[in-house]
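Listed below are the residues making up each chain.
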Protein chains: 2
Amino acid sequence: MKNNIERKESLNDLIEQIDELLESSEFSENSNDNSVDEKHALIKNLVSKKNISSLESLLDDLHPADIADILESLPVQKRLVLWDLVKSENEGDILIEVSDSVRQTLIADMDSTELLAAAEQLETDEIADIAPDLPEEVLKDLLENLDIQNRERLQSALSYPEDSVGSLMEFEITTIREDLTLEVVLNYLRKIKKLPNHTDKLFVVDKDGLILGVLPLERIIVNAPTTIVKNIMAKEVVLFKPEDLADEASNAFERYDLVTAPVVDENKKLVGRLTVEAVMDFIRQESDNEKFSMAGLREEEDIFSSIWKSVQNRWAWLAINLLTAFIASRVIGIFEGSIEKVVALAALMPIIASIGGNSGNQTTAMIVRALAIGQLTQSSIRSLLYKEISVALLNGLIWGSIVGLFAFYLYNNADLGFVMASAMMLNLILAAIMGVLMPILMHRLGKDPAVGSSVLITAMTDSGGFFIFLGLATLVLI
Amino acid sequence: MKNNIERKESLNDLIEQIDELLESSEFSENSNDNSVDEKHALIKNLVSKKNISSLESLLDDLHPADIADILESLPVQKRLVLWDLVKSENEGDILIEVSDSVRQTLIADMDSTELLAAAEQLETDEIADIAPDLPEEVLKDLLENLDIQNRERLQSALSYPEDSVGSLMEFEITTIREDLTLEVVLNYLRKIKKLPNHTDKLFVVDKDGLILGVLPLERIIVNAPTTIVKNIMAKEVVLFKPEDLADEASNAFERYDLVTAPVVDENKKLVGRLTVEAVMDFIRQESDNEKFSMAGLREEEDIFSSIWKSVQNRWAWLAINLLTAFIASRVIGIFEGSIEKVVALAALMPIIASIGGNSGNQTTAMIVRALAIGQLTQSSIRSLLYKEISVALLNGLIWGSIVGLFAFYLYNNADLGFVMASAMMLNLILAAIMGVLMPILMHRLGKDPAVGSSVLITAMTDSGGFFIFLGLATLVLI
């Protein structure tokens, strides 16, 4: 048995080792132009025979999640060489584990036959996860090869949006009837031998498949074999519908400490189950996505993706940023006459804009979180606004005095100090109001407040800050 | 049975309802000055008798997590009135569920006797969670009231840092010996009646408590009662040590789809267990903390906290921001002479700084994630740097041309357009280099790259952008 940290360290060593084994062969940067088959032949030639067998034996004992990690840590060329050496029976599991962007590079390297073989090793709900990345004809072939039940399941899984319970749920469920004794249940379970992953409870349904309750495994174990299911099953169950938001579901999993939960249709008929595994993956992905969007990336990026792909992933936010910067620049443009007369204004104005943006984003971060966990009621918005404006006033007094004194000290001009202090105060108040109202407004409009708010608030505190400061300066100084 | 969404909606209704019941009584804003006892008396008088019993019956059926939610959604005054109405046997569980900042407001409202009673309802690992918020004498009393085993557990839990496995682990474990038959195991389990939360496996230990393997509940159920534990237990187990980083542990839980895992000391002796519940709470809290720090809040903030507390929570980052803004301002100050001659520079310079910051943060976000999942090997840093500089060159060409044309069009000055385009290109390259190296450097120094990098990079692309643009302009135009 290995401790997790030892495992992790040996994985890091392995990555370096694999990297080295691959390094010893020279790759032509142009191999991109070749067809898949030619590339495979090329690769086989490039990596020496001895290295290939060392690599294959290294890969043999690894968990698919670990191989996925190694693939993600390798630049695209080396990644594809290694991918070629992975046993084909592991390919499906690995495709599930890698990130979307890395999966695309792997799938692009496989032909239809390989893809079909890999996908057929997977559960229906897993196929649904990678379906968006599969070429259309492979997906069509896949659907044709499935039996009716699984085809319907796949089609329904594909019909739900990515952030819904339907897209996260699994179809493998163990159900029992309420009038059985535990002995009969145990005999049944011994016959089917294997329970679905993460099974912590069985679902109790009637003859039409409507859910009646759940029976935790624990209760099967600790109760006498003669007990009737009905008498010990839990009837208070947290249920989900396929169209529920995955976000709400993950909150419920945390709140009620669930491991699995039934998913039912509008008639309470059992259609699938949600596991903590899917929920945890979702939480992690959401949090990653949010961080990426906040930093201005359109989506998760393979760190080794091509230059052109990176440019595409990043251009949208750069364009928006450029637009807001142009607007701020034009606001300053209005006051060029004033700046010409008091050039110190040019040096001081970024301070007002910058602190405003910082302060506004602090407020927004709090409101966004309160919105996410449903903590904001109609009646509390007013008191929040009152509080944030008070904080802004107090901060305005403190920081306004500091920047005012700074300006006075540097330029020996009391009026300039006064303008600086007042502008700081006003821009902090603007930031507070926008910081509270903008995320609430976006939330009401059904947009994600985490992403857009920050950009909009910074845009306002920039342009607004320049306008307030230069406007005041023009009134007082010029 | 209620669908989760119905549950959630009824919870929101409930919050509004409770809010209203409390609204009908007038609160004196000065009650802060009164002692705890006086406050309680005051509150009882303020809320009408009828409302009290309505509130109490509303609270009666709620899950502690739901009551925690309601408390978090209420402004401090109302929150304390409601807290006063919560049944004392629920107080412990609710204190566990609320956020740190809200817990502080609740604990401040309780006297030592109440606190002691609430804490005594909790498991040792739960007491450890709230211990940092307890007054010292309550913690001392608590330790004295515990039996030796639990006192030692609490002391050891308190000795581990917040981000370690030791601080997340639970002490309640069900262990068995490897030479038993499943029948004996089942009889034993039926005798103890209740398994710890989330139990998906039993831990198999030898007579000294050293871990030998784990026995999933599933295997107890699907195998014949005559089977010997040893023959069906899993021997490949992911183990953790109390001093392991919680972050690594949560990665392992996701990677290997764990529900519970054993925690062992250096001799492989079982000391506790880690559950997916604790891991999921940790992941959520980490992601929240990161978002707060990125937005410049020192820690999670109760949205209804006092103005003074908010100012304290926010001042540190505002001060850092002010410092970097002062530096940027002084960089501009160097070039005041140039700005006086070509005032357009003042209007254009924020564009260069802003896009640089945006682009640098895009790069950093990717690198930070790659560092977090251990995706960055020594050999890949060079190729990453190469890639990011290439992206910056391409972006510099695209966006540089746009801003260059913008400047040329506005001011009808080709040299100004050229300066603008070149400065953009150079600042994007600076952003790319810093965006790659800064998080790696912070990671090597043992700092959290997610938080500091963004501030540092923005500072550099601001000051650097101003310097590059104004410097180039001075060379070319003046």
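On a predicted model such as this, the values are computed, not experimentally measured, just so you know.

On to the overall build of chain A, then. If you tally the helices and strands in chain A, you get 23 helices and five strands. Taken over C-alpha atoms, the radius of gyration comes to 30 Å for chain A, far larger than the 23 Å a tight globule of 478 residues would show. For chain A, the spread of C-alpha atoms along the principal axes amounts to about 90 × 65 × 45 Å. Looking at the 478 residues of chain A, the share that counts as buried comes to 57%. Of the contacts made within chain A by residues no fewer than 6 positions apart, 66% connect residues no fewer than 24 positions apart. Carbon and sulfur atoms provide 54% of the accessible area of chain A, an area that totals close to 20,300 Å². Taken together, the 41 basic and 74 acidic charged side chains of chain A have centroids lying 6 Å from each other.

What follows concerns the packing of helix α20 (residues 344-372) of chain A against helix α18 (residues 307-334) of chain B. Direction vectors running N to C along α20(A) and α18(B) enclose 155 degrees, while the axes themselves pass 8 Å from each other. The angle between α20(A) and α18(B) falls in the class roughly antiparallel. Crossing angle aside, the handedness with which α20(A) passes α18(B) is right-handed. Packed against α20(A), whose contacting residues are Ala346(A), Ala347(A), Leu348(A), Pro350(A), Ile351(A), Ser354(A), Ile355(A), Asn358(A), Ser359(A), Gln362(A), Thr363(A) and Met366(A), the element α18(B) presents Arg314(B), Trp317(B), Leu318(B), Asn321(B), Leu322(B), Ala325(B), Phe326(B), Ser329(B), Arg330(B), Ile332(B) and Gly333(B) at the interface.

What follows covers the packing of aromatic side chains. Residue and element names in this part refer to chain A. According to the stated counting rule, one finds six aromatic pairs over all chains in the structure shown. Aromatic pair Phe240 and Phe253: ring centres 5.9 Å apart, planes at 25 degrees, arrangement stacked. Highlighted residues: Phe240 in the loop between α15 (229-232) and α16 (246-255) and Phe253 in helix α16, separated in sequence by 13 residues. A relative accessible area of 0% places Phe240 in the buried class. The buried category is assigned to Phe253, whose relative accessible area is 0%. Between Phe335 and Phe467, the aromatic rings sit 5.8 Å apart at their centres with planes inclined by 65 degrees, giving edge-to-face as the arrangement.

One way to put it is that helix α17 (residues 276-294) of chain A packs onto helix α17 (residues 276-294) of chain B with a least axis distance of 11 Å and a crossing angle of 10 degrees. Between α17(A) and α17(B), the angle falls in the class roughly parallel. The residues of α17(B) that touch α17(A), namely those facing Val276(A), Val279(A), Met280(A), Ile283(A), Arg284(A), Ser287(A), Glu290(A), Lys291(A) and Met294(A), are Val276(B), Val279(B), Met280(B), Ile283(B), Arg284(B), Ser287(B), Glu290(B), Lys291(B) and Met294(B). Its residues assigned to classes, the contact of α17(A) with α17(B) shows ten nonpolar, two polar and six charged.

Attention shifts here to the confidence of the model for chain A. Residues with a pLDDT of 70 or more make up 92% of chain A, whose mean pLDDT is 87. In the predicted structure, residues 26-34 of chain A sits below a pLDDT of 50 and forms 13 contacts with residues beyond four places in sequence or in another chain.

The subject of this paragraph is the environment of Phe408(A). Residue and element names in this part refer to chain A. Assignment of secondary structure puts Phe408 in helix α21 (residues 378-411). Assessed through its relative accessible area of 37%, Phe408 is described here as partly exposed. Considering only alpha carbons, one finds Phe408 and Phe418, ten residues apart in sequence, at a separation of 8.3 Å.

Take the pattern of salt bridges next. Applying the stated criterion across every chain, the model contains 33 salt bridges over all chains. Across the pair Glu218(B) and Lys194(A) runs a salt bridge, and its minimum N-O distance is 3.8 Å. Of the two residues, Glu218(B) sits in helix α14 (residues 217-222) while Lys194(A) sits in the loop between α13 (182-192) and β2 (201-205), which places them in two different chains. Here Glu218(B) falls in the buried class, since its relative accessible area comes to 17%.

Residues and elements named next belong to chain B. Overall, mixed pairing links the three strands, which are arranged β1-β2-β3 in an open sheet. The two strands at the open ends of the sheet, each matched to only one other strand, are β1 (175-176) and β3 (211-216). Pairing analysis gives five bridges linking strand β2 (residues 201-205) to β3, with the strands arranged antiparallel. Across the sheet, residue Lys201 finds its bridge partner in β3, namely Pro216.

Each partner contributes residues to the interface: chain B has 145 residues there, and chain A has 145 residues. In total, about 12,900 Å² of surface goes out of reach between chain B and chain A, with carbon and sulfur atoms giving 60% of it. Our count for the contact surface shared by chain B and chain A stands at 16 salt bridges. For the interface between chain B and chain A, the tally reads 44 residue pairs in polar contact (both at pLDDT 80 or more). For the side of chain B that touches chain A, a count of residues per class yields 75 nonpolar, 32 polar and 38 charged.

What follows deals with a negative patch on the surface. Residues and elements named next belong to chain A. Where like charges cluster on the molecular surface, the negative patch consists of Asp93, Glu97, Asp129, Glu162, Asp163, Asp247, Asp281, Glu286 and Asp448. Looking at where Asp247 falls in the secondary structure, it is placed in helix α16. The class for Asp247 is partly exposed, based on a relative accessible area of 34%.

This part is about the side chain of Ser463(B). Within the element layout of this structure, Ser463(B) appears in helix α23 (residues 449-477). Setting aside its immediate chain neighbours within four residues, Ser463(B) contacts Thr324(B), Ile327(B), Ala328(B) and Val331(B).

A separate point is the side chain of Ser73(B). Mapped onto the fold, Ser73(B) is located in the loop between α4 (64-72) and α5 (76-85). Ser73(B) sits in the buried class, given a relative accessible area of 2%. For Ser73(B), the side chain forms a polar contact with the main-chain oxygen of Asp69(B), separated by 2.9 Å. Excluding its chain neighbours within four sequence positions, the residues that come into contact with Ser73(B) are Gly374(A), Gln375(A), Thr377(A), Ile15(B) and Phe304(B).

Our focus in this paragraph is unusual backbone geometry. Residue and element names in this part refer to chain B. For Lys268, which is not glycine, the phi dihedral falls at a positive 70 degrees. When you line up the elements, Lys268 lands in the loop between β4 (260-264) and β5 (270-275). For Lys268, a relative accessible area of 29% gives the class partly exposed.

Let us now look at the nonpolar core. Membership of the largest hydrophobic core comes to 136 residues, with the highest contact counts inside it found for Phe240(A) and Phe240(B). If you look at the next biggest cluster of nonpolar residues, it comprises 80 residues, including Ala347(A), Ala473(A), Ala347(B) and Met420(B).

Residues and elements named next belong to chain B. Of all five residues in β4, five are buried; the element is thus mostly enclosed. Burial of β4 is two-sided: the residues Thr260, Pro262 and Val264 facing one way and the residues Ala261 and Val263 facing the other way are all buried. One ladder, built from five bridges, connects β4 with β5; its direction is antiparallel. Across the sheet, residue Val263 finds its bridge partner in β5, namely Gly272. Where β4 folds back on β5, the antiparallel hairpin that results is connected by five residues, among which Lys268 adopts a positive phi of roughly 70 degrees.

For the rest of this paragraph, the subject is the environment of Leu95(A). Residues and elements named next belong to chain A. In this fold, Leu95 is placed in helix α6 (residues 88-97). Leu95 gets classed as buried once you look at its relative accessible area, which sits at 1%. Remark: the alpha-carbon pair of Leu95 and Ile127, spanning 32 residues in sequence, is separated by 9.9 Å.

Criteria and cut-off values
- Residues numbered from 1 in each chain as written.
- Chains lettered and ligands numbered in written order.
- Predicted model: local features only at pLDDT ≥ 70, side-chain atom pairs only at ≥ 80, totals over all residues.
- Heavy atoms only, no water.
- Helix = DSSP H or I, 4+ residues; strand = E, 2+ residues; numbered from the N terminus.
- Rg over C-alpha atoms; globule rule 2.2 N^0.38 Å.
- Buried < 20%, exposed > 50% of the residue type's maximum accessible area, 1.4 Å probe, protein only.
- Contact = heavy atoms within 4.5 Å.
- Areas by Shrake-Rupley, 256 points an atom, 1.4 Å probe, with all protein chains shown as cover.
- Lys, Arg positive; Asp, Glu negative; His and termini not counted.
- Charge placed at Lys NZ, Arg CZ, Asp CG, Glu CD.
- Axes fitted to C-alpha atoms, helices over the stretch in contact; angles between N-to-C directions.
- Parallel < 35°, antiparallel > 145°, perpendicular 65-115°, else oblique.
- Left-handed = near helix turned anticlockwise from the far one by under 90°.
- Phe/Tyr/Trp six-rings, centres within 6.5 Å; stacked < 30°, edge-to-face > 60°.
- Nonpolar A, V, L, I, M, F, W, Y, C, P; charged D, E, K, R; others polar.
- pLDDT = per-residue confidence, 0-100.
- Salt bridge = Lys/Arg side-chain N within 4 Å of Asp/Glu carboxyl O.
- Pairing = 2+ DSSP bridges.
- Buried area = accessible area lost by both parts, 1.4 Å probe.
- Polar contact = N/O pair within 3.5 Å; in protein donor to acceptor, adjacent residues only side chain to side chain.
- Patch = residues over 30% accessible without salt bridge, like charges linked within 9 Å, V, L, I, M, F, W, Y side chains within 5 Å.
- Core = buried A, V, L, I, M, F, W, Y, C linked by side-chain atoms within 4.5 Å.

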